[in-house]
Amino acid sequence: MAESTPVPAGPGEHAEADDRLRRQAVATLMSNWRGASTVPTSTLYPHQWSWDSAFIAIGLARVSVRRAYAELASLHGAQWADGRVPQIVFNRGVAEDAYFPGPAFWRPLPADGPPGDVATTGLVQPPMHAAAALAVAARSPGRDARTALRRLYPRLAAYHDYLFTRRLVQPGLAAIVHPWESGLDNSPAWDGPLRAVQAPVGDIPRLRRDLLHAGAAHRPTDQDYARYLHIAAHYRDRGYADTDLTGLPFCVVDPLFNALLAWSERALAELAGFLGLPGDRHLDRAGALEQALHRHLFDARLGCYVALDARTGERIPRRTVGGLVPLVLPGLPADHRDALLATLTGPAFGVGGRARGVPSYDLTAPDLDLHRYWRGPAWINTSWLVWQGLRRAGQDELAARLARSMVRLVSEAGFREYFDPLTGQGLGASDFSWSAALAIDVLDTPDAWIEVV
Ligand code: 9WN
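Note that the structure is a prediction, hence the values are computed from the model and not measured.

**So, the overall build of the protein**
- A count of helical and extended segments in the protein gives 16 helices and 11 strands.
- Computed over C-alpha atoms, the radius of gyration of the protein comes to 20 Å, within 12% of the 22 Å expected from 2.2 N^0.38 for 453 residues, which places it in the range of a compact globule.
- Sequence-distant contacts, at least 24 apart, represent 72% of the contacts inside the protein between residues at least 6 apart.
- When the accessible surface of the protein is totalled, it reaches about 16300 Å², and 50% of it is carbon and sulfur.
- Positive and negative side-chain charges of the protein, numbering 46 and 48 respectively, have mean locations separated by a distance of 3 Å.

**Quick look at the site of the ligand**
- In the vicinity of the ligand, 16 residues are found, and the nearest of them are D52, Y99, G183, D185 and Y373.
- Within the contact set of the ligand, an oxygen atom lies 2.2 Å away from a side-chain nitrogen or oxygen of Y373.
- W374 is positioned with one of its side-chain polar atoms (N or O) 2.9 Å from an oxygen atom of the ligand.
- Within the complex, the protein chains bury 99% of what would otherwise be the 410 Å² of accessible surface of the ligand.
- Looking at the shell around the ligand residue by residue, the classes come out as 10 nonpolar, 3 polar and 3 charged.

**Overview of the side chain of R62**
- Position of R62 among the secondary structure elements: in the loop between α2 (50–60) and α3 (65–76).
- Looking at R62, its side chain comes within polar contact range of the main-chain oxygen of D444, at 3.4 Å.
- Not counting the four nearest positions on each side in its chain, R62 is found in contact with R22, R139, I440, D441, D444 and T445.

**Some details on the packing of helix α6 (residues 143–166) against helix α12 (residues 280–297)**
- Look at α6 against α12: their axes get within 13 Å of each other, and the N-to-C directions meet at 35°. Regarding α6 and α12, the two cross each other, and that crossing is left-handed. For the pair α6 and α12, contact is made by Y153, A157, H160, D161 and F164 and by R281, H282, R285 and L289, respectively.
- Within the contact of α6 with α12, the residues separate by chemical class into 4 nonpolar, 2 polar and 3 charged.

**Let's talk about the side chain of E417**
- Inspection of the secondary structure assignment puts E417 in the loop between α15 (396–413) and β10 (418–419).
- Buried within the structure, E417 lacks any salt-bridge partner; its nearest side chain of opposite charge belongs to R219, at an N-O separation of 4.4 Å.
- With near-sequence residues (within four places) excluded, E417 lies in contact with L44, Y45, R219, Y373, W379, L427, G428, A429, F432 and S435.

**A closer look at the sheet that holds strand β4 (residues 173–176)**
- Strand order in the open sheet formed by 5 strands is β3-β4-β5-β8-β9, and the pairing between neighbours is antiparallel. Of all strands in the sheet, those with a lone pairing partner are β3 (168–169) and β9 (314–316), marking the two edges.
- Relative to strand β8 (residues 307–309), strand β5 (residues 252–253) runs antiparallel, the two being bridged by 2 bridges. Within β8, the residue paired with V253 across the bridge is L308.
- Across the face of the sheet, helix α11 (residues 255–274) comes into contact with β4, β5 and β8 while running at roughly 130° to β4.

**With respect to the packing of helix α5 (residues 129–138) against α11**
- Two numbers describe how α5 lies on α11: the axes approach to 7 Å, and their chain directions differ by 40°. One way to sum up the angle between α5 and α11 is to call them oblique. Helix-helix and strand crossings are classified by hand; for α5 and α11 the assignment is left-handed. On α11, the residues that touch H129, A130, A131, A133, L134 and A137 of α5 are W263, S264, A267, L268, E270 and L271.
- Of the residues in the contact of α5 with α11, the class split is 9 nonpolar, 2 polar and 1 charged.

**Some thoughts on the nonpolar core**
- M128 and W384 are the most contacted members of the largest nonpolar core, which totals 153 residues.
- Contact partners of M128, with chain neighbours within four places excluded, come to W51, A54, F55, I58, L260, W263, S264, W384 and L385.

**Structural notes on the confidence of the model for the protein**
- Residues at a pLDDT of 70 or more form 96% of the protein, whose mean pLDDT is 94.
- Confidence drops under pLDDT 50 across residues 1–8; counting only partners more than four residues distant or on other chains, this segment forms 20 contacts.

**A closer look at the environment of N381**
- Tracing the sequence through the fold places N381 in helix α14 (residues 380–392).
- Take N381: its relative accessible area is 0%, and that puts it in the buried class.
- Remark: the alpha-carbon pair of N381 and L327, spanning 54 residues in sequence, is separated by 14 Å.
- Apart from the residues lying within four places of it in its own chain, the contact partners of N381 are W51, F55, W374, W434 and L438.

**Considering unusual backbone geometry**
- The peptide bond linking R107 to P108 adopts the cis configuration, its omega dihedral lying at 0°.
- Structurally, P108 is set in the loop between α4 (103–106) and α5.
- With an omega of 0°, the peptide bond running from Q170 to P171 counts as cis.
- With phi around 45°, D244 is a residue other than glycine that occupies positive phi space.
- Mapped onto the elements, D244 comes out in the loop between α10 (222–237) and β5.
- What makes D244 exposed here is its relative accessible area of 53%.
- One non-glycine residue, W374, adopts positive backbone phi at about 65°.

Parameters at a glance
- Residues numbered from 1 in each chain as written.
- Predicted model: local features only at pLDDT ≥ 70, side-chain atom pairs only at ≥ 80, totals over all residues.
- Heavy atoms only, no water.
- Helix = DSSP H or I, 4+ residues; strand = E, 2+ residues; numbered from the N terminus.
- Rg over C-alpha atoms; globule rule 2.2 N^0.38 Å.
- Contact = heavy atoms within 4.5 Å.
- Areas by Shrake-Rupley, 256 points an atom, 1.4 Å probe, with all protein chains shown as cover.
- Lys, Arg positive; Asp, Glu negative; His and termini not counted.
- Charge placed at Lys NZ, Arg CZ, Asp CG, Glu CD.
- Near = heavy atom within 4 Å.
- Polar contact = N/O pair within 3.5 Å; in protein donor to acceptor, adjacent residues only side chain to side chain.
- Nonpolar A, V, L, I, M, F, W, Y, C, P; charged D, E, K, R; others polar.
- Axes fitted to C-alpha atoms, helices over the stretch in contact; angles between N-to-C directions.
- Left-handed = near helix turned anticlockwise from the far one by under 90°.
- Buried < 20%, exposed > 50% of the residue type's maximum accessible area, 1.4 Å probe, protein only.
- Salt bridge = Lys/Arg side-chain N within 4 Å of Asp/Glu carboxyl O.
- Pairing = 2+ DSSP bridges.
- Parallel < 35°, antiparallel > 145°, perpendicular 65-115°, else oblique.
- Core = buried A, V, L, I, M, F, W, Y, C linked by side-chain atoms within 4.5 Å.
- pLDDT = per-residue confidence, 0-100.

Structure representation (structure tokens):
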């Protein structure tokens, strides 16, 4: 392991500071609560976001199980008739231009869209929700949990059915049709596919709202935004139809998205068991997806999983944090697991060494940008996923170091949206919900702080 590894404390050593941090995290979540769900942060993102709600529910479950279920239930209340769980559920009490692109941009929504007059986007985000529901269920055995899960389970399963039927492309993996669907929106992995998209910048600088709340050097460029808008408008104008996916301007197969789909599909099997329902079809689907993931997305030369441009069939040879997330899966081939661990602890990600949290992009890449959104900074949600993966892989010592490094990030810089992975400087929005929620989850995990000698 490389230089300057902070040694994690045992549970007692930082008890007082951890306690204070936990209280601040709970206060952040409570102030971002909007009655039935939580905003990622009140300034930059004043609506409900899909995978944010999943991470938020995991933290809320440590504070109020009832709220954790409410968070997931309100999101699924906006589920489309075709099964998709929308990327954003717009709060009707918030002005149209508070976030760009707002509700009007996404209309008309199709007949098999959201219920009634619920306003949403037509995109999705990584399917983290069943894994989150299982984590919530683990905190709440008993009759109330069964009642909440009996309502939630069919909705969780319907989202997966949508992905497995409408979004499956060759070679048997789920595709995303917009960088926003990846959750790692501005990842350098999307630069190649995006270069093929012709979109004039036009009015974009005037329409953008994100730069009112975050520095331009930390956010995507106007050119990126123009492409995001073009791809979204194209999908909207075909009524959000999922026919001929590879004919869309953007269509990629992402390792994080597929790993979370398989992980969540396994969670569905457990939830089904909890409800006394058969879970075999979930296990079968997860198994087949994992086979395809291991076979088609693992890149032995780069030592991690990579994305695939479904339009060209070419792999995208970039090391991103998303390519490490398959560590969460059981039954990872031993050589893949070993390669992921070597990549994670080596110069590209520096975990256990010089990095704080897990960088979102290869620290050795020439186009690394330590401050720009998903092009280098460490995020708490993806660091948390890798932490889960390390625990799954039996790497308790490394997991403990990562846990302590995540806690250090938020205790020194606050619950920021992302962080410089070398200095720990806080970046993007403040009072960010999933940074608070997942800090609570790490702090409350009893065996997260094993002694390290
Ligand atoms: C677009 C809310 C979301 C996260 C994404 C993150 C960012 C939105 C944006 O914020 O994306 O969805 O406007 O930049 O990339 O992962 O869910 O926190």
